[in-house]
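Residue-level listing of the chains:
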Amino acid sequence: MGAPGAPSHPPPVLHGDESTLRVLVVTDTHLGFREDDAVRRDDAFAALEEALRLGRARGADLVLHCGDLFHANKPSRATLVRAMGILREHCLGDAPVAVRRVAVEGETSGEPPRPGTTAALNFEDPNLNVALPFFALHGNHDDPSGPAHLSAMDVLAESRLVNYFGKCRALSGAGGQAALQIAPVLLQKGKTLLALYGMGWVNDARCVRMFQRADGVRWQRPESAPGYASDAWFNLFALHQNRNYAGAKNNLCEDLLPKWIDLAVWGHEHESIPVMEQRSSVSQVRVLQAGSTVATTLNEGEQKTKHCFLLEVNGTQSRVTPLPLQSVRPMLLARLPWPGDCGSEEERDRLRAAAVAAVEDLLARHEEGAGAAPALPLVRLTVEHEKGASISGAQITQAFVGRVANPADMVAFKVRPPRPAAGAAGAGAAAEGLRNPVGGERSKLMADLIAGHLPELAVLRADKMSGALHSFVEKEERKAIEEYVAHAIKHPAAPSGAG
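Residues numbered from 1 in each chain as written. Predicted model: local features only at pLDDT ≥ 70, side-chain atom pairs only at ≥ 80, totals over all residues. Heavy atoms only, no water.

A. Local environment of the environment of Pro324. Looking at the element boundaries, Pro324 is found in strand 15 (residues 317-324). Note on Pro324: relative accessible area 39%, which makes it partly exposed. Filtering out sequence-adjacent residues up to four positions away, Pro324 remains in contact with Glu50, Leu54, Thr305, Lys306 and His307. (Helix = DSSP H or I, 4+ residues; strand = E, 2+ residues; numbered from the N terminus. Buried < 20%, exposed > 50% of the residue type's maximum accessible area, 1.4 Å probe, protein only. Contact = heavy atoms within 4.5 Å.)

Structure, rendered in structure tokens:
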């Protein structure tokens, strides 16, 4: 794998502007994140607007968004209206669209038509002036739900502001196991042919099982396009799944992707890696992990520079240019090891004083390097201790109200595990293996928790039950658990290996 920051080989030289297809790549914008926070409510919208301005300034022919446009499954009316206003301002207009769709008999723009719509792309609609076509997947935050299997993305698609694709068709494979059918949107600019495949978020464990089976994923290839050679297409696959370590059963690695894919653009992972990678020695598929445009957690991965990207394709050659986002709020992280147990008031006073001094030092160094940056920074001080620290973080943050963007969660306490005894290196390695690659601690999967508390389930399936619970809590589907239980009783659970 090439080190982030420098490509392993010089980018190809692309000739012929009339055939160079320019794609603005952006993902995980999480519109509506912290919308009730007076300081941070505009951050996600500002980053998306900056990305769209950068794309238009560099002559982008289309936008590719790889999921989690919204932070909530049911975004508020204020968030939805503001998102529609941004898309209308930056994507509609009189500028001509340089790409056209290549029609193939039976081709359906990568998905079955949605209720009330046709499979036509918005720039093909004679009643609209589209200047910058916006292609978008759904993510795990804004995925379809409910009896009609609809999401906020369907609202934007029905309004013709976006081309919502990647809502993959579910099929029955061998032995009745679930399978996915993934069909491309075929686009052309000059002599450049782009086969744009998309897969919106699918339950991670289910997705991995299907990709591991020979018949679990059925790709529709563009060989049937009349007058076009089968090897003339640039095959681009946009997806929104776990890529970094999330458990062997929940992590889709690039080894499972077909070798004919030229580039996989990966959503969901928030760390932005500014080069195309080839991590695997097995698969030669190149991967672009664009990362989020707004920080939704405070960790080392999110602290790195945020980007959108300009992908240029000419024929079967391509290159990627990272475009750093300047509107992203700075993030300052520090750790404070503390050996005491704060059992006395004197000890607690010492810890409070040390924490305040650590944050003051962070802010001083930031102000010295940033100059007169107007945005208040995000700050996270992690106090690491071996025993319970019986003080409140609020007692530390009082001095920083109005000086940091997140005083309420500025301080976190973490119990530092005891050092392993000599000869216990294996245990230490096992504990280290639970760490997230971007520095945060892995939390237990919902399915693991349910399986641990209900080990003798005979009718209900732990993964399905966790999905119903997720829909109940995160998507406000109040009948999700009731409907799943009724369905499970009527249709006994299939073997655990089924898709």
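B. Quick look at the sheet that holds strand 1 (residues 21-26). The strand order across the open sheet formed by six strands is 5-4-2-1-14-15, and the pairing between neighbours is mixed. Strands at the two margins of the open sheet, each flanked by one partner only, are strand 5 (163-164) and strand 15. Two elements, strand 1 and strand 14 (residues 307-314), share five bridges in a ladder whose sense is antiparallel. Paired with Leu21 across the two strands is Val313, which belongs to strand 14. (Pairing = 2+ DSSP bridges.)

C. Highlighting the nonpolar core. With 33 residues, the main nonpolar core has Leu31, Leu52, Leu69, Phe70, Phe134, Val162 and Cys308 as its most contacted residues. Discounting residues that sit within four places of it in the chain, Val162 has contacts with Leu87, Asn122, Phe134, Met153, Leu156 and Ala157. Core analysis: the second largest hydrophobic core is formed by 28 residues, Leu194, Phe234, Ala290 and Val313 among them. (Core = buried A, V, L, I, M, F, W, Y, C linked by side-chain atoms within 4.5 Å.)

D. The sheet that holds strand 9 (residues 192-199), seen in detail. As summarised here, the arrangement of the six strands in space is 3-8-9-11-12-13, forming an open sheet in which the pairing is mixed. The open sheet is flanked by strand 3 (100-101) and strand 13 (286-289), the only strands paired with a single partner. Of the pairings in the sheet, the one linking strand 12 (residues 263-267) to strand 13 comprises four bridges and is parallel in character. Residue pairing for strand 13: Val265 is matched across the bridge by Leu288.

E. Up close: helix 1 (residues 43-57). In this model helix 1 runs 21 Å from its N-terminal to its C-terminal C-alpha over 15 residues, within 8% of the 21 Å that 1.5 Å per residue would give. Along helix 1, eleven of the 15 residues are buried, which leaves the element largely enclosed by surrounding structure. Taken as a whole, helix 1 has its buried residues at Asp43, Ala44, Phe45, Ala47, Leu48, Glu49, Glu50, Ala51, Leu52, Leu54 and Gly55. Among the residues trailing helix 1, Gly59 stands out with phi positive, at a value near 75°. (Expected span 1.5 Å × (residues − 1).)

F. Looking closely at the side chain of Gln289. Topologically, Gln289 is positioned in strand 13. Of the residues examined, Gln289 reaches a relative accessible area of 0% and is grouped as buried. Those residues in contact with Gln289, other than ones at most four positions away along the chain, are Arg243, Asn244, Trp266, Glu269, Glu271, Ser272, Ile273 and Arg279.

G. Region of the structure containing the pairing of strand 15. Here strand 14 pairs with strand 15 via eight bridges, running antiparallel. Each bridged residue has a counterpart across the sheet, and for Leu310 the counterpart in strand 15 is Thr321. Linking strand 14 back to strand 15 in an antiparallel pair, the connection comprises two residues, with Gly315 at a positive phi of about 65°.

H. The packing of aromatic side chains, seen in detail. Under the criterion given, the structure shown has seven aromatic pairs. Aromatic side chains Tyr197 and Trp260 sit 5.4 Å apart centroid to centroid with 55° between the ring planes, which places their arrangement in the tilted category. In this pair, Tyr197 sits in strand 9 while Trp260 sits in the loop between strand 11 (233-240) and strand 12, placing the two residues 63 residues apart along the sequence. Residue Tyr197 is classed as buried on the basis of its relative accessible area, which comes to 0%. Taking the centre distance of 6.4 Å and the plane angle of 75° together, the rings of Phe211 and Trp219 count as edge-to-face. Among the aromatic residues, ring-to-ring pairing joins Tyr197, Phe211, Trp219, Phe237 and Trp260 into one connected group. Note that Arg243 overlies the ring of Trp266, its terminal NZ or CZ placed 5.7 Å from the centroid. (Phe/Tyr/Trp six-rings, centres within 6.5 Å; stacked < 30°, edge-to-face > 60°. Lys NZ or Arg CZ within 6 Å of the ring centre and 35° of its normal.)

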